[in-house]
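What the coordinates show
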Amino acid sequence: MVAALLVFLLMAPLPVLLAVPAPVWQLTIAAVLAGGQVVVHNVMQTTAVQRHLPDDLVARAYSVTLLGGLVAAPLGMALAGPAVTLLGTRPVLLGCAAITVVLTAATLLVPAVWRLREPAEMA
């Protein structure tokens, strides 16, 4: 789980570079890293859920995760416009990057994240 959370930090450079603004080649690299992290993070998270939860709870865990994603993404998009109108584009983009780093750091403070290990028979 620690690796999945650390790879999530690859989302932060893209909004920062958009706020600067940066050259296209830097934005391209940041966008590729951000897109790649989605794949890596999702695979790691899915694997952890399947390996560490009892079979009868896996579907429930996926339902909660999917609900969170289906609610959070449109909510964030709905709030982005008013936030930009109120604060400006640069502060909102930098805020997005900051939220990514702060929430990842906060999650890394949860002891259970660090205790999650591969089961002996799967290692």
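Please read all numbers here as calculations on a predicted model, not as lab measurements.

Moving on to the overall build of the protein. Regarding its fold elements, the protein presents six helices and zero strands. Taken from N to C terminus, the helices and strands of the protein fall in the order α-α-α-α-α-α. By its C-alpha atoms, the protein is 50 × 30 × 25 Å across when sized along the principal axes. Looking at the protein residue by residue over its 123 residues, the buried ones come to 22%. Taking contacts inside the protein between residues at least 6 apart in sequence as the whole, the part at least 24 apart equals 69%. Accessible area of the protein: about 8,300 Å², with a carbon and sulfur share of 76%. Treating the 5 positive side-chain charges of the protein as one cloud and the 4 negative ones as another, the clouds have centres 16 Å apart.

Remark: helix 4 (residues 55-87) packs on helix 5 (residues 89-108), axes separated minimally by 7 Å, with the N-to-C direction vectors making an angle of 125 degrees. With respect to each other, helix 4 and helix 5 are oriented oblique. Residues Ala-83, Val-84 and Leu-87 of helix 4 lie in contact with helix 5, whose contacting residues are Thr-89, Pro-91 and Val-92. When the residues that make up the contact of helix 4 with helix 5 are grouped by side-chain class, the tally is five nonpolar, one polar and no charged.

Moving on, we get to the side chain of Thr-100. Tracing the chain through its elements places Thr-100 in helix 5. A distance of 3.0 Å separates a polar atom in the side chain of Thr-100 from the backbone oxygen of Cys-96. Among all residues touching Thr-100, those that are not within four sequence positions of it are Phe-8, Leu-9, Met-11 and Ala-12.

It is worth spelling out the packing of helix 3 (residues 24-52) against helix 4 at this point. Remark: helix 3 packs on helix 4, axes separated minimally by 9 Å, with the N-to-C direction vectors making an angle of 150 degrees. Crossing geometry of helix 3 relative to helix 4 is assigned as right-handed. Of helix 4, the residues touching helix 3 (which contributes Gln-45, Thr-46, Val-49 and Gln-50) are Val-58, Ala-61, Tyr-62 and Thr-65. A breakdown of the residues in the contact of helix 3 with helix 4 according to their chemical character gives four nonpolar, four polar and no charged.

Reading the values: the criteria
All chains use their own residue numbering, which begins from 1 and follows the written sequence. pLDDT decides what is reported in this predicted model: residues at 70 or higher carry local features, side-chain atom pairs at 80 or more are listed and counted, and totals for whole chains, interfaces and linings draw on all residues regardless. Computation of side-chain values: all heavy atoms of the structure, hydrogens and water removed. Counting from the N terminus, the helices are DSSP H or I runs at least four residues long and the strands are E runs at least two residues long. A simple rule labels every residue: compare its accessible area, found with a 1.4 Å probe on the protein chains alone, to the largest value its type can have, and call it buried under 20%, exposed over 50%, or partly exposed in between. Contact definition: two residues touch when any of their heavy atoms are within 4.5 Å. What sets the accessible areas is the Shrake-Rupley method with a 1.4 Å probe; for residues, cover comes only from the shown protein chains. For the charge count, each Lys or Arg is scored as positive and each Asp or Glu as negative, with His and the chain ends excluded. To locate a charge, take atom NZ for lysine, CZ for arginine, CG for aspartate or CD for glutamate. Axes, fitted as lines to C-alpha atoms, cover a helix only where it is in contact. Angles between the N-to-C directions of the axes lie from 0 to 180 degrees. Should an angle lie under 35 degrees it is considered roughly parallel, over 145 roughly antiparallel, and from 65 to 115 roughly perpendicular; all remaining angles are considered oblique. Throughout, the ten residues Ala, Val, Leu, Ile, Met, Phe, Trp, Tyr, Cys and Pro are labelled nonpolar, Asp, Glu, Lys and Arg are labelled charged, and all others, Gly among them, are labelled polar. Polar contact is the term for a pair of N or O atoms within 3.5 Å; when the atoms are in protein, one must be able to donate a hydrogen and the other to accept it, and sequence-neighboring residues count only if both atoms are side-chain atoms. Here a crossing is called left-handed whenever its near helix is offset anticlockwise from the far helix by less than a right angle, and right-handed whenever the offset is clockwise.

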